[in-house]
Amino acid sequence: MANTLSLFWDLSSASKKERIDATVKLVSSLEKFQAQHTPKVSPGSEDDEENVGPTDGLDALNAHDVAYSIRRLIRGLASPRESSRLGFSVALTEVCASFQNRINIFVYGRNKDLWTPETVAVTLKLQPAMPEHNWKKTLAPTFKDADILAPANFSTLGRILKETPGEDELQKSGTGTWKAQLHYVWNVIFDSLLPESKPGHRRNALFQEFFRVVVDDTLFGPSSSPERKFWGFLVFKKALGRVEGADLPMLFTKNFMRCWINHLSQKDRHLHKISQDVVKDIQNVVQQNPELGYTLITGIHGSQQFDKLTRTKTIESILSKMDSDGIMRYIQSLLEEIDESGEDVAAEEAKRIWTADQFAALVRNGAIPKREDWIQLVLNWFTVQGLYVVKKKSDKGLLAALRVTPSALASEDFRRTCRSKLLGCLADLTSQPTTSQKGLRIIEVTIAVDDESWISKIFAVVNDLDKDRKRIVSLSEENEEEQPLIQQVYKTIENLKQVDGAMKEAAKGVELLLSAFLLHYRCVKLDDDEPDPDTGVLEASTCLAAAATMFPADTKSKKRRKSLATSQPDSPAPIDMLVDVLIGFLEKSTSYLRAVANKTFSCIASAATESTIDLIVVQLERRDPADLVADEEDETESAKSEDEDEDDVESDEDEDEESELDGNDEAALALRKKIEDALKANGIEAAAGDTDEESEEELADDEQMMAIDEHLAEVFRSRSGDKQGKDVNAQREATHFKNRVLDLVEIFARKMPQSPHILRLVMPLIELATKSSNDEQQLSDKARGILNNRLAKLKEPLQEADQEYAETILDELHIRARKANSSDALATLSHCSLFICRVLANIGDGEPILRLYTESIVDFMTRKASSLNIAFFKDFITRYPALGWRLRDAILDTSTKAINAYRRCQAFQLLNMILTLSASTGDPEDVLSFILKLHRSILHFIDSACDDQVSLSAVQIKDLLKLVMLGVRQASKVDINNQSAWDSGAWHTLHERLVASKRFGSSTAVLKLCSQVESALKAQNDRQSHLGAPKRKAKEVEVEGVSSDTKRKKKKSRPTSQS
């Protein structure tokens, strides 16, 4: 006994190693004692079941030390001291495993006060090991069933696992302590109900009931504390990894969902972080097993507004990680829910609208894997619900797949929602290219698998549905005036499908435009309360005329197109007519029309001409807001005048003027009414007639006049504010419109980078990038992005371009660069200048380039207010080193005229770059001549600094001396025969002057560099003097006719003479 007593203290140690060592020693000692013991009675006797004292069956079956140790280990399970519960439970488990055939469990089962989570864990371990034991008596009266995991015991088991003290007698001995870690008993329970090693022994149905009672009703119960709910979330996370896919919805129970939504929706809730962890675990499960996404969505959608209630994107993120099969199953399940009609009309309407929102979200989410089958299903559903009324249910075909039943109860609001969602989804699919999968093939969802746009496919569906008049009825019927035009559109679309060759892509663009137009026209007719019969007729007629000219159906049509072009030289080109329609779409500012315009122009961009580009860029011109408002008013008046009766044309001129005044004086009447109200407020009545003789007017005093002035001033201020508001709104709309037009510009730059017409985009974009106001910052950034990322970074130069036009653009760019108002604007102008230089260098000789850059250098050096900077010229020299070399003399000569020493030092920086990049490619004589000229200029510049004629810092002189050393090295590379003469004496004199200078004499770096220059030049002169005599001798010998052998002999002896 003395050997084992000390071990019990170590079982309570906070050290894990000490607890494990004590457990091992205790089990080893008890095994020795048990081996020496002889049992007195057989286990399971009546005496063994009736005794509860120290002489019970436990003492009869086991050695004294073993029995004592078991009792003490059981009592220690409820001890609050340090880590007693943890250490004693581990030791008891090991002891039970070693002496399982000799332990009578009822010793602690009869004691009500000892039921703790640890006791439950021990019981769960012992029950499979001792199946012959009478567990019902052992567990009674605490548990009703012999199996501790039986449904009848779940309520009691939940109270024990909750570990909270209360009035219940089962919890009287509870300590009420709480730890963030989940108790190990839960691992034992999960191993018993959902064993991972034995899938065939899983009890899924039993676990579902266990989770509902023990977890949802207990841990997530209304009276549970946040600490117990925290345990509940941990249990859920553990169950998420154990439960099979098909059974996952059972985890999303009522109390759990309520608690999860409440704590996930607010960041200041106690359990917000653990709620977020649950979301991440669910997302990880779906990412590892995408097929489980549908099952999880089904469970979470017990609350259909989960994302809205929690202010998260949980459902959206799960959908983005699902596979296409799961998305398809999800869509079909939503259609099944709609098919189940209910008595509550309002609830059914809300369910339909919610389903429409879900379908639209699936299409809109770019992260969701797109597949043609489910996209087609969603679009078809929107089409049928928004444009038709189902009269008869169908068991096959499109209506059967959509599960659409006679829907007379569907409201007009729902149908309007479906039409809006249809156009919105088509806009998303058209404007946002993402990948779509069909089998092993990855495609873009803007074009379906059969190389047909989604708009064209839905257009075909509408055409088929119109023919099925037995089961469905269209909500919009065509009138007699529209039918010929629509029939012509259908005919033109069929002809466009036959176009092949180089114009095939353009034909698909026009087909898309016509199909999109008819769909939009049909929806607009239903959405407008008072539809205009002429809406869209002009656009359709224009498109048909352009299509007939661009894509003639036969030879006769080709001849007719040629004759029309000859007979009507002023008529617009068909491509211009189409682009004009697209610009009209952009003015309407709907996402659907914008997507259609961009996609159509992307297809027909190859047919664009010079006039087409001019038509686009003219939309980017800046206009006065007052002019915009005036244009709107003119359009309004024009529309009103068209609606007047034609019979009024023959009326008298006076009546016309009167009616015109009556129509235009609404604003004046409103102003008059405000003035009259202001006068009445101050006790003055407005005159009712034209004469003032009927009543005497009482004159107002000064106070009344002051009050009237204030009221009148307020009236006129409000009128001025209304006018300013109109100006602001007009300017805002113009900015948005230009932003949409820039999409066409970017598309053309992307699709046609080698087009000569791309030059016509430069100046309009420059205008937007450099002269836009603060309110147009987005517009300016977008224009700058097109210039810098599209035009300035073309991979191949333009093969064809108008040289004179390109020179004009380059001239304008340099003029603007010299007066640029910001560094960003100057950088953009520099990039564009380099782009035009590339064009001119590819088609010309570069003389205009040198002329303009020379003029800009002169402006930079001689004009103080010049906006140019050194980066403008460095970019040019770096991009075109050969042209930069040809600027060397202009830079050096202009540097003497610099307005200050700093600008002149910047000129020498440019010359440093030129020598580094280009000297090796120049003519040797030119290089040597320039280097000598450069040295003399630098020598004179530094000498002036010593005389205090210019102000230079030591750092600037160091840079100048480094440039001299660079010139010496470059000269040695090209001057093979060392024929250049260096004036080393002048540099020696300069060194002496620097030493004597008060400003530079203390700079050791400057003096050292100057000495290096002097030494390098002296070495070059010495080398030249050594090589001069042998060269002259060789020349003299050759003149005198000495044999070649003698000359070769002298050449061989030259190194000896040098040495």
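Thresholds applied
- Residues numbered from 1 in each chain as written.
- Predicted model: local features only at pLDDT ≥ 70, side-chain atom pairs only at ≥ 80, totals over all residues.
- Heavy atoms only, no water.
- Helix = DSSP H or I, 4+ residues; strand = E, 2+ residues; numbered from the N terminus.
- Buried < 20%, exposed > 50% of the residue type's maximum accessible area, 1.4 Å probe, protein only.
- Contact = heavy atoms within 4.5 Å.
- Areas by Shrake-Rupley, 256 points an atom, 1.4 Å probe, with all protein chains shown as cover.
- Core = buried A, V, L, I, M, F, W, Y, C linked by side-chain atoms within 4.5 Å.
- Phe/Tyr/Trp six-rings, centres within 6.5 Å; stacked < 30°, edge-to-face > 60°.
- Salt bridge = Lys/Arg side-chain N within 4 Å of Asp/Glu carboxyl O.
- Axes fitted to C-alpha atoms, helices over the stretch in contact; angles between N-to-C directions.
- Parallel < 35°, antiparallel > 145°, perpendicular 65-115°, else oblique.
- Nonpolar A, V, L, I, M, F, W, Y, C, P; charged D, E, K, R; others polar.
- Expected span 1.5 Å × (residues − 1).
- pLDDT = per-residue confidence, 0-100.
- Left-handed = near helix turned anticlockwise from the far one by under 90°.

- The name an unreviewed UniProt entry assigns to the chain is DNA polymerase phi subunit, from the organism Rhizopogon vesiculosus.

1. Remarks on the overall build of the chain
1) Next: Helices and strands together make up the secondary structure of the chain, namely 49 helices and four strands.
2) Next: For the chain, with 1059 residues in total, the buried portion stands at 45%.
3) Next: Here the contacts in the chain between residues at least 6 apart in sequence split such that 72% fall between residues at least 24 apart.
4) Next: With the model as given, the accessible surface of the chain reaches about 55,400 Å², and the carbon-plus-sulfur share is 49%.

2. Side note on the nonpolar core
1) Next: Grouped together as the largest cluster of nonpolar side chains are 257 residues, with contacts concentrated most on Trp186, Phe207 and Trp260.
2) Next: Contact partners of Phe207, with chain neighbours within four places excluded, come to Phe190, Leu193, Leu194, Ala239, Val243, Met250 and Leu251.
3) Next: Among the nonpolar cores identified, the runner-up in size contains 23 residues, and Ala22, Leu73, Leu126 and Met130 belong to it.

3. Description of the side chain of Thr314
1) Next: With respect to the helices, strands and loops of the structure, Thr314 is situated in helix α18 (residues 314–321).
2) Next: In contact with Thr314, other than residues within four places in its own chain, are Leu264, Val279, Phe306 and Asp307.

4. Some details on the environment of Leu779
1) Next: Relative to the assigned elements, Leu779 resides in helix α37 (residues 777–791).
2) Next: The buried category is assigned to Leu779, whose relative accessible area is 1%.
3) Next: Spatially, the C-alpha atom of Leu779 lies 7.5 Å from that of Lys738, the residues being 41 residues apart in sequence.
4) Next: If we skip the residues at most four places from it in the chain, Leu779 touches Thr735, Lys738, Asn739, Leu742 and Leu768.

5. Examining unusual backbone geometry
1) Next: In this structure, the amide linkage connecting Ala140 to the following residue, Pro141, adopts the cis form with an omega of 0 degrees.
2) Next: Assignment of secondary structure puts Pro141 in the loop between α9 (135–139) and α10 (154–162).
3) Next: A positive phi is found at Arg311, a non-glycine position, where the angle reads about 55 degrees.
4) Next: Structurally, the position occupied by Arg311 is in the loop between α17 (306–310) and α18.
5) Next: You will see that Asp948, though not glycine, has its phi angle at about 65 degrees, which is positive.
6) Next: Secondary-structure assignment places Asp948 in the loop between α45 (924–946) and α46 (954–974).
7) Next: You can call Asp948 exposed: its relative accessible area is 56%.

6. Looking at the packing of aromatic side chains
1) Next: Scanning all chains against the criterion turns up 31 aromatic pairs.
2) Next: For the ring pair Phe154 and Phe210, a centre distance of 5.5 Å and an interplane angle of 75 degrees mean the geometry is edge-to-face. Residue Phe154 is located in helix α10, and its partner Phe210 is located in helix α12 (residues 204–219); the two are separated by 56 residues in the primary sequence. Taken as a pair, Phe154 and Phe210 share a single burial class, namely buried.
3) Next: Taking the centre distance of 5.5 Å and the plane angle of 25 degrees together, the rings of Phe256 and Trp260 count as stacked.

7. Side note on the pattern of salt bridges
1) Next: In total, this model carries 39 salt bridges according to the counting rule given.
2) Next: Here Arg202 ties to Glu244 by a salt bridge, and the two come within 3.4 Å at their closest N and O atoms. Taken together, the residues span a long stretch of sequence, with Arg202 in the loop between α11 (185–193) and α12 and Glu244 in the loop between α13 (226–240) and α14 (254–265) at a distance of 42 residues.
3) Next: Classification of Arg202 by relative accessible area gives buried; the value is 16%.
4) Next: Residues joined by salt bridges that share partners form a network here, namely Glu767, Lys771, Glu812 and Arg816.

8. Considering the packing of helix α20 (residues 345–364) against helix α23 (residues 412–431)
1) Next: The contact between α20 and α23 brings their axes to 9 Å, and the two run at 5 degrees. Compared by their axis directions, α20 and α23 come out roughly parallel. In contact with Glu349, Arg352, Ile353, Ala356, Asp357, Ala360, Val363 and Arg364 of α20, α23 contributes Phe414, Lys421, Cys425, Asp428 and Leu429.
2) Next: In the contact of α20 with α23, the residues fall into seven nonpolar, no polar and six charged.

9. Describing the environment of Leu578
1) Next: By the secondary structure assignment, Leu578 is in helix α29 (residues 574–588).
2) Next: Remark: the alpha-carbon pair of Leu578 and Ile604, spanning 26 residues in sequence, is separated by 9.0 Å.

10. Topic: α29
1) Next: Compared with an ideal rise of 1.5 Å per residue, which puts 15 residues at 21 Å, α29 spans 22 Å between its outermost C-alpha atoms and is within 8% of the ideal.
2) Next: At the C-terminal side of α29, Ser589 shows a positive phi close to 60 degrees.

11. Some remarks on the confidence of the model for the chain
Detailed reading of the predicted coordinates is not advisable wherever pLDDT is low.
1) Next: Scored by pLDDT, the chain has a mean of 78; 75% of the residues are at 70 or more.
2) Next: At the level of individual helices and strands, the chain shows its lowest average pLDDT in helix α49 (residues 1044–1058), which scores 40, and its highest in helix α40 (residues 847–862), which scores 95.
3) Next: Low pLDDT, under 50, characterises residues 555–567; the stretch is placed with five contacts to residues that sit more than four places away or in other chains.

12. Overview of the side chain of Thr894
1) Next: Assignment of secondary structure puts Thr894 in helix α43 (residues 888–895).
2) Next: Classification of Thr894 by relative accessible area gives buried; the value is 9%.
3) Next: Once you skip the residues sitting within four places of it in the chain, Thr894 turns out to touch Ile857, Val858 and Met861.

13. Points about the packing of helix α21 (residues 372–387) against α23
1) Next: For the pair α21 and α23, the least separation of the axes is 7 Å and the interaxial angle reads 145 degrees. Handedness of the α21/α23 crossing: left-handed. Each of Ile375, Leu379, Trp381, Phe382, Thr383, Gln385, Gly386 and Leu387 in α21 lies in contact with α23, whose residues at this interface are Phe414, Arg415, Cys418, Arg419, Lys421, Leu422, Cys425, Leu426 and Leu429.
2) Next: A class-by-class count of the residues in the contact of α21 with α23 yields 11 nonpolar, three polar and three charged.

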